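# Descriptive structure summary
Take a look at the letters that make up each chain.
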Amino acid sequence: KKSKTKESNTEANFEDEFEQKAAMTDVDLTDTHFDEEIVLMSNILLLFFAGFDTTSTGLGACIHKLALYPDLQDKVYKEMEKVIGGDDKITFDHLSRLKYMEMFINESLRHSPLLPSLDRECTKNYKVPGTNFVIEKGMMVSIHTAAIETAEANFMDAGAFQPENFLAQNSPNKFAFLSFGQGPRNCIGMRYAILTMKVGLVSMLRGHKVIKGADMPEKLVVDRIKRTFVGNVAVTFERR
């Protein structure tokens, strides 16, 4: 149903002009006679499915990097010890304060992207800077994510695996991190997936170290059709 309260893009809070132009608004919506309960339930299901899928594959990428970089694994564990300590119950506050772990997750996804490309429909004519080519309204655009996520201009040390690439003082280009997409049509399960991955990593690392397996590849290869990793993330676990 049509919303009774409307807020224009200019009245909302945005970090920059780009976000304001990209924002979605219900100002121009009219009554489309949809069933609100069905819309609500379908979006909730989408959120959980998107979150579960990203969580399982994302954890695989994180476990691979934990085994590959034991010194960084120690940093993740030490932050856990500092934030959570001996508390039996893991709270939302604990998870929110695990900043290094979140950077580690993001860097793992940046180096092992599950989405080789993002497809978007152009909403207005756009002339590509430095060329005479115009992307016309309605044209589908395929964005090659890996090239953007590994470009030197977008991260402090784009070629290396460094969670510090996501530190604010290192000026990361937030729109260059595309594991969850960007803009109003980004992954609906993003926050849920990150929180769930944090819970999984905390539960795993509290009692065990992740050790590189003999058959573990140095680089994960993604099956572009199934959007899963080819082969296994072969690791072993050593009790702390």
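In what follows, the accompanying structure is described. Nothing here was measured: the structure is a model prediction, and the numbers come from that model.

Below, the discussion takes up the overall build of the protein. When you go through the protein residue by residue, the secondary structure sums to seven helices and eight strands. When the 240 residues of the protein are sorted by exposure, 31% land in the buried category. Accessible area of the protein: about 15,100 Å², with a carbon and sulfur share of 56%.

Right, let's get into the packing of helix H3 (residues 70-83) against helix H7 (residues 190-207). The axes of two packed helices give the description: the angle between them and the distance between them. Interhelical geometry of H3 versus H7 gives an angle of 100° and a closest axis separation of 10 Å. For the element pair H3 / H7, the angle class is roughly perpendicular. Counted together, Gln73, Val76, Tyr77 and Met80 of H3 and Leu201, Val202, Leu205 and Arg206 of H7 form the full contact between these two elements. A per-class count over the contact of H3 with H7 returns six nonpolar, one polar and one charged.

This brings us to the pattern of salt bridges. Scanning the model with the defined rule gives five salt bridges in all. For the salt bridge of Arg97 with Asp93, the shortest nitrogen-to-oxygen distance reads 3.1 Å. According to the relative accessible area criterion, Arg97 is partly exposed, its value standing at 40%. Looking at Asp93, the relative accessible area reads 43%, which means it is partly exposed. A salt bridge links Glu218 to Lys212; its shortest N-O distance comes to 2.3 Å.

The next point concerns the packing of aromatic side chains. Inspection of the entire model under this criterion finds five aromatic pairs. Geometrically, the ring pair formed by Phe177 and Phe180 is edge-to-face, given 6.3 Å between the ring centres and 70° between the ring planes. The burial state of Phe177 is the same as that of Phe180; both residues are buried. Over the ring of Phe155 we find Arg110, and its NZ or CZ is 4.7 Å from the ring centre. Over the ring of Tyr77 we find Arg240; its NZ or CZ atom is 3.6 Å from the centre of that ring.

The rules we used
Residues numbered from 1 in each chain as written. Predicted model: local features only at pLDDT ≥ 70, side-chain atom pairs only at ≥ 80, totals over all residues. Heavy atoms only, no water. Helix = DSSP H or I, 4+ residues; strand = E, 2+ residues; numbered from the N terminus. Buried < 20%, exposed > 50% of the residue type's maximum accessible area, 1.4 Å probe, protein only. Areas by Shrake-Rupley, 256 points an atom, 1.4 Å probe, with all protein chains shown as cover. Axes fitted to C-alpha atoms, helices over the stretch in contact; angles between N-to-C directions. Parallel < 35°, antiparallel > 145°, perpendicular 65-115°, else oblique. Contact = heavy atoms within 4.5 Å. Nonpolar A, V, L, I, M, F, W, Y, C, P; charged D, E, K, R; others polar. Salt bridge = Lys/Arg side-chain N within 4 Å of Asp/Glu carboxyl O. Phe/Tyr/Trp six-rings, centres within 6.5 Å; stacked < 30°, edge-to-face > 60°. Lys NZ or Arg CZ within 6 Å of the ring centre and 35° of its normal.

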